[in-house]
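This is what each chain is made of:
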Amino acid sequence: MRRSLALFAALATLGCAPYSAPAGRIEYKSPGRYVETLSSGGLERKYILRIPKQFDGKSPMPVVVVLHGWTSDAASAEAYTRMGDESDKEGFIAVFPEGLGGKGFLGWNAGFIDLSGQKQDDVAYISGLLDKVQTEVAVDPKRIYIAGHSNGAFLANYAASKLSKRIAAFASVAGTVGTPLSKNDVKNIPDPVAPVSALLIHGKQDPMVWYGEQVKALLMGVSAHDSAKWWSDRDGCSASPKTTTSSDGNVITDIYSGGKAGTEVELVSIVNGMHDWPGGITRNGDETKTGVNAADLIWAFFKAHPKGN
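Everything numeric here is computed off the predicted structure, so don't read it as measured data.

**Here's the deal with the pattern of salt bridges**
Part 1 of the reasoning: One pass over the full model with this rule turns up 14 salt bridges.
Part 2 of the reasoning: Residues K132 and E36 are paired through a salt bridge, measuring 3.6 Å at the closest nitrogen-oxygen approach. With K132 in helix α4 (residues 122-136) and E36 in strand β1 (residues 32-40), the pair connects residues that are 96 residues apart, well separated along the chain.
Part 3 of the reasoning: You can call K132 partly exposed: its relative accessible area is 23%.
Part 4 of the reasoning: Using a relative accessible area of 10% as the deciding quantity, one classes E36 as buried.

**A look at unusual backbone geometry**
Part 1 of the reasoning: Located in the positive-phi region is T71, a residue other than glycine, with phi close to 75 degrees.
Part 2 of the reasoning: On the secondary structure map, T71 appears in the loop between β3 (61-67) and α2 (74-80).
Part 3 of the reasoning: Of the residues examined, T71 reaches a relative accessible area of 11% and is grouped as buried.
Part 4 of the reasoning: Its identity is not glycine, yet A174 carries a phi of approximately 60 degrees, on the positive side.
Part 5 of the reasoning: By the element assignment, A174 lies in the loop between β6 (169-173) and β7 (178-182).
Part 6 of the reasoning: Given the relative accessible area of 3%, A174 is considered buried.

Quick notes on the rules
Residues numbered from 1 in each chain as written. Predicted model: local features only at pLDDT ≥ 70, side-chain atom pairs only at ≥ 80, totals over all residues. Heavy atoms only, no water. Salt bridge = Lys/Arg side-chain N within 4 Å of Asp/Glu carboxyl O. Helix = DSSP H or I, 4+ residues; strand = E, 2+ residues; numbered from the N terminus. Buried < 20%, exposed > 50% of the residue type's maximum accessible area, 1.4 Å probe, protein only.

Read these as geometric descriptors, not functional statements.
Structure (structure tokens):
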């Protein structure tokens, strides 16, 4: 998906010399863009690390892991989600891992569905990636986040649950918490052992991953509302959401508040939304018809939801 967008993200590395840290401390990397690898499951896995100019080599910063959709890759996600730009603008560390699979068809093993076809443990990959990043940059352990699109959103849900003691909040764009095994049975992600705030963004017209209601989709997963309710129930949030609608009627926001350790679950439903990343880059150029900027929404949500006690 959006392979041509890799050109937008082929950015020159901006200064790779490490800081001279005080005695007894790690030598952290300087601000810039790094293409690196990590050994996981017997494979060398690629990822992109973005360290914003605001990093001073001392103060810990938030980190956001951004997971691309099926058929995309790390560099494309860096561009089409605009989360690379968001990192520079807002001052957080951004990490763009890369999935596995055949050329042009990279994907993720999200537990309930494996679109990589490799049967690798992608949660272990993300966990190891976070471990490595924490040796390269000062990371605030209370502000570790995951965001994903499509198949990457499936993994964001799955990883947030499996790594719930570590992840403060996650964002799912066009995702789901599970897929039906039969008419009366659903294969969901496992229950988290700690509360995690969740932001779910989904277009009502999505033809690829089912939002719910009337529109059919290629993947008939758990609906957007049921996915939000799944997380709100496990976080101990309010039974019913507070609902607001934008002035033009195109964006409906349901907020389940009052969760354990200050967690919240927010569902942003976009009436004219399709499968694209809202406010990102599509094959046809900038996505503007929704009037939603997912990168801004996600960072605002993350900033407001550090890990509770």
